[in-house]
Amino acid sequence: MNFLTIIDYIGTFAFAISGIRLASAKKFDWFGAYVVGFVTAVGGGTIRDVLLGVTPFWMLQPSYLIVTAIALLFVIVFGRYVIHLNNTFFIFDAIGLGLFAIVGIEKSIAHGYPIWVGLIMGTITGAAGGVMRDTLINEEPLIFRKEIYALACVIGGVCYYFCDYMGVASTLTQIIGAISVILVRILAVKYQLGLPHLKGEEINS
Amino acid sequence: MNFLTIIDYIGTFAFAISGIRLASAKKFDWFGAYVVGFVTAVGGGTIRDVLLGVTPFWMLQPSYLIVTAIALLFVIVFGRYVIHLNNTFFIFDAIGLGLFAIVGIEKSIAHGYPIWVGLIMGTITGAAGGVMRDTLINEEPLIFRKEIYALACVIGGVCYYFCDYMGVASTLTQIIGAISVILVRILAVKYQLGLPHLKGEEINS
Amino acid sequence: MNFLTIIDYIGTFAFAISGIRLASAKKFDWFGAYVVGFVTAVGGGTIRDVLLGVTPFWMLQPSYLIVTAIALLFVIVFGRYVIHLNNTFFIFDAIGLGLFAIVGIEKSIAHGYPIWVGLIMGTITGAAGGVMRDTLINEEPLIFRKEIYALACVIGGVCYYFCDYMGVASTLTQIIGAISVILVRILAVKYQLGLPHLKGEEINS
């Protein structure tokens, strides 16, 4: 098990936990919480793979199912403590976001797509699972209103392509890309940076 | 028209009725009710086929459209009586669940996937249409909070694979698998069996 | 840039505006509004392409991303005036609906599918983006309850296939099909034509 795989599992675990916790707030049962956790963790990559026309990554090996099961067990056992670990999970979640975004970009490149498709695929891989989670639990997707989240994937993706263009070695390019996503995300939350909001108006259509 | 086809149509009819009735409670028009009914009936199998990378089954022959049209006509004509047929529809729905789960497993096996993918595909085929229905009518998916529903597909799937492993003839394996789903579902509702719920907590993320 | 391409961009623009305006009413930030606008504009065609098993059209050239960006800029700059342009956008939206429906039908025919699949693909291309928009902003899909919308795609599609069957030249067939959709839509709104609604009942399942 190499370094990237461990990071991948940590990201999956953090994403699954975020789904399971929100499902728990909605009083879902264990199975429902598991499904929401799994969808949060693999939903973005699944949409990416369907759009790219390849078999969804989690159908090729059962580790994502297992990691989600561990996440569920974790919430069941440590439920009352999990709530105090907000900061820890936030860091895990940011790491997952960064890794997932880079994985999405590289898969897009491997299939011969141009930069702008790669940026979209990176963003979908990182952020779409959270949107699917919010749809399943019948809430408005948070990422459309709060601090910079999906945009961090775009910014990190631009860094990735810039390094790539400058001829930086591929491993370093990956690391710089992922760290850019993570940094943007952490700074956005720390300083409550957000994009402007459109002025809401009453519309009758 | 053989036995399996008839069962398939009964399951489709029951699933479509469940979608149309909920759409009716939301005052959808006929077309909207038809769409919700159709999505409820074929949505699970469609997600399965997209994940497996094959053409969705309902695009190969129009019978699912027709069965849904009959279901809509049925609700329009017998609307006030349909509500008193809860038990009848419950049985049909359970039968559909059992059949759809086994169809999903077999399609997954036919494409060379291992057991755990088959269990997921069976569950998606049986239960995802209902989740799509609840998303369309903007409700929290019921199956994540009420009696055992999706889990019945998993349990029936385990029975299926166990029979398969023991060398039971394929037709009998199918029947045992489907009946396991149906039995688990009926017993769960009769005795109000459910999974534990996660303890809901106020979370601020 | 030929006539059809211009119409295509106008339709995309109108659909994107409709998504961005509703996102604005929900106080989404710019990025969220962009995503909702993009999904509204390309969502229907994306579902169609995934069901047909081909690469989603917007992944082949970046113009749909750019048109959506212009739509967002337009709402940001002219926000307070946009609300007074309801009628203008309604016409654009109807034109987009007509064009998208015919594009969906022709893509379905090009892949060898029969009429009834074409009618579904035309309807999905025209109307599913709006359903995805309403799901993202956590509202019940409007098209299931208000004036004839998705049904206009079906009616226009029937006109298309009728002309095709009668041997009308393909360009004329396209124009008649699209205009049928647009006319049905405009007449439906002008005279508040709608389908009957199912009688809502309290149901306890």
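Residues numbered from 1 in each chain as written. Chains lettered and ligands numbered in written order. Predicted model: local features only at pLDDT ≥ 70, side-chain atom pairs only at ≥ 80, totals over all residues. Heavy atoms only, no water.

Chemist: Explain the overall build of chain A to me, and be specific about the residues and the numbers.
Modeler: Within chain A one finds seven helices and zero strands. Beginning at the N terminus, the succession of helices and strands in chain A can be written as α-α-α-α-α-α-α. For chain A, whose C-alpha radius of gyration is 17 Å, the value lies close to the compact-globule estimate of 17 Å for 205 residues. Principal axes of the C-alpha set define a box for chain A whose edges measure 50 × 50 × 35 Å. (Helix = DSSP H or I, 4+ residues; strand = E, 2+ residues; numbered from the N terminus. Rg over C-alpha atoms; globule rule 2.2 N^0.38 Å.)

Chemist: Residues and numbers for the interface of chain A and chain B, please.
Modeler: In this complex, chain A contributes 38 residues to the contact, which on the side of chain B involves 33 residues. Around 2,900 Å² of area is buried between chain A and chain B when both sides are counted, 67% of it from carbon and sulfur atoms. The largest contributions to the chain A side of the interface with chain B come from D29, F31 and M59 of chain A, which together make up 22% of the buried area. In this structure, the connection of chain A to chain B is made through three residue pairs in polar contact (both at pLDDT 80 or more). Where the side of chain A that touches chain B is concerned, the elements lending two or more residues are α1 (3-25), α2 (30-52), α3 (63-82) and α5 (115-136) of chain A. (Contact = heavy atoms within 4.5 Å. Buried area = accessible area lost by both parts, 1.4 Å probe. Polar contact = N/O pair within 3.5 Å; in protein donor to acceptor, adjacent residues only side chain to side chain.)

Chemist: Now, about the pattern of salt bridges: what can you tell me, with residues and values included?
Modeler: Two side chains with opposite charge may pair up if their charged atoms get near one another. Following the criterion strictly, the structure yields 12 salt bridges over all chains and no others. R133 of chain B is the partner of D134 of chain B in a salt bridge, and the nearest nitrogen-oxygen pair spans 3.0 Å. E139 of chain C is the salt-bridge partner of K26 of chain C, the closest N and O atoms lying 2.9 Å from each other. One end of the pair, K26 of chain C, is in the loop between α1 (3-25) and α2 (30-52); the other, E139 of chain C, is in the loop between α5 (115-136) and α6 (150-165), and 113 residues separate them in sequence. Judged by its relative accessible area of 37%, E139 of chain C is partly exposed. Salt bridges sharing partners connect three or more residues here, namely R48, D49 and K107 of chain A. (Salt bridge = Lys/Arg side-chain N within 4 Å of Asp/Glu carboxyl O. Buried < 20%, exposed > 50% of the residue type's maximum accessible area, 1.4 Å probe, protein only.)

Chemist: So, the relation of the copies chain A and chain B: which residues are in play, and what are the values?
Modeler: Superposing chain A onto chain B takes a rotation of 120° combined with a translation of 0.0 Å along the rotation axis, leaving an RMSD of 0.0 Å. Considering both components of the superposition, the chain copies are consistent with a three-fold axis. Of all interface residues in chain A, a mere 11% are interface residues in chain B too; the two copies therefore contact each other through different surfaces. (Least-squares fit on C-alpha atoms with pLDDT ≥ 70 in both.)

Chemist: Would you mind going over the state of the cysteines in detail, with residue names and values included?
Modeler: Residue and element names in this part refer to chain B. Taken as a whole, this structure holds zero disulfides over all chains when the rule is applied. Cysteine C163 is unpaired, with the sulfur of C159 as its nearest cysteine sulfur at 6.7 Å. Classification of C163 as buried rests on a relative accessible area of 8%. (Disulfide = S-S within 2.5 Å.)

Chemist: I'd like to hear about helix α2 (residues 30-52) of chain B, residue by residue, with values.
Modeler: Residue and element names in this part refer to chain B. The first and last C-alpha atoms of α2 sit 32 Å apart over 23 residues, in line with the 33 Å expected at 1.5 Å per residue. In α2, a bend of some 50° at V42 exceeds every other bend along the element. By the criterion of burial, α2 is predominantly enclosed, with 19 of the 23 residues buried. By the N-cap criterion, in which a side-chain oxygen at the helix start approaches the backbone nitrogen of a residue two or three places on, α2 is capped by D29, the distance to F31 being 3.0 Å. (Expected span 1.5 Å × (residues − 1). Bend = angle between axes of the 7 residues up to and from the residue.)

Chemist: Tell me what's going on with the relation of the copies chain C and chain B, and back it up with residues and numbers.
Modeler: Here two copies of a chain appear, and what relates them is a rotation about an axis with a shift along it. Superposition of chain C onto chain B requires a rotation of 120° combined with a translation of 0.0 Å along the rotation axis, giving an RMSD of 0.0 Å. In this assembly, only 12% of the residues forming the interface of chain C have copies in chain B that are likewise at the interface, indicating a heterologous arrangement.

Chemist: Provide a residue-level description of the interface of chain C and chain B, including the pertinent values.
Modeler: In this assembly, 33 residues from chain C lie in contact with 38 residues from chain B. Between chain C and chain B, roughly 2,900 Å² of surface is buried when both sides are summed, and carbon and sulfur atoms account for 68% of that area. For the interface between chain C and chain B, the tally reads zero salt bridges. In this assembly, chain C and chain B are joined by three residue pairs in polar contact (both at pLDDT 80 or more). Those elements that place two or more of their residues in the side of chain C that touches chain B are α2, α5 and α6 of chain C. Take the side of chain C that touches chain B: its biggest share by element is seven residues, from α5 of chain C. When its residues are assigned to classes, the side of chain C that touches chain B shows 19 nonpolar, seven polar and seven charged. (Nonpolar A, V, L, I, M, F, W, Y, C, P; charged D, E, K, R; others polar.)

Chemist: Could you give an account of the confidence of the model for chain A, with specific residues and numbers?
Modeler: Per-residue confidence for chain A averages 88 on the pLDDT scale, and 95% of its residues sit at or above 70. Our summary of model confidence lists the complex with pTM equal to 0.91 and ipTM equal to 0.88. (pLDDT = per-residue confidence, 0-100.)

Chemist: Any chance you could break down unusual backbone geometry for me, citing the residues and the numbers?
Modeler: Residue and element names in this part refer to chain A. Despite not being glycine, N138 shows a phi value in the positive range, around 60°. Looking at the secondary structure, you find N138 in the loop between α5 and α6 (150-165). Classification of N138 as buried rests on a relative accessible area of 17%.

Chemist: Let's hear about the packing of α2 of chain C against helix α4 (residues 86-110) of chain C: which residues, and what values?
Modeler: The description of two packed helices rests on the angle between their axes and on the distance between the axes. All names here are of chain C. As a packed pair, α2 and α4 sit with axes 11 Å apart at the nearest point and diverge in direction by 10°. As summarised for this structure, α2 and α4 are arranged roughly parallel, according to the angle between their axes. Only F100, V103, G104, K107 and S108 of α4 make contact with α2, whose side of the interface consists of A41, R48, D49 and L52. Looking at the contact of α2 with α4 residue by residue, the class counts come to four nonpolar, two polar and three charged. (Axes fitted to C-alpha atoms, helices over the stretch in contact; angles between N-to-C directions. Parallel < 35°, antiparallel > 145°, perpendicular 65-115°, else oblique.)

Chemist: Lay out the side chain of R185 of chain B with the relevant residues and their values.
Modeler: One can find R185 of chain B in helix α7 (residues 170-190). Those residues in contact with R185 of chain B that sit more than four places away from it in its chain are F90, A94, L97, E147, I148, Y149 and A152 of chain B.

Chemist: Break down the packing of aromatic side chains for me, citing the residues and quoting the values.
Modeler: Overall, the coordinates contain 24 aromatic pairs over all chains when judged by the stated rule. Ring geometry for F74 of chain A and F78 of chain A: centres 5.1 Å apart, planes at 55°, overall tilted. Residue F74 of chain A and its partner F78 of chain A are located together in helix α3, separated by four residues, close to a single helical turn. Judged by relative accessible area, which is 39%, F78 of chain A ranks as partly exposed. Seen in terms of ring centroids, F57 of chain B and Y64 of chain B are 4.9 Å apart; in terms of plane orientation they differ by 85°. Their pairing is edge-to-face. One residue, K190 of chain A, lies across the ring of Y191 of chain A, its end atom 5.8 Å from the ring centre. (Phe/Tyr/Trp six-rings, centres within 6.5 Å; stacked < 30°, edge-to-face > 60°. Lys NZ or Arg CZ within 6 Å of the ring centre and 35° of its normal.)

Chemist: Give me the nonpolar core: which residues, what numbers.
Modeler: Membership of the largest hydrophobic core comes to 171 residues, with the highest contact counts inside it found for W58 and M59 of chain A, W58 and M59 of chain B together with W58 and M59 of chain C. Filtering out sequence-adjacent residues up to four positions away, W58 of chain C remains in contact with L51, W116, I120 and M121 of chain A together with F38, V42, T46 and Y64 of chain C. (Core = buried A, V, L, I, M, F, W, Y, C linked by side-chain atoms within 4.5 Å.)

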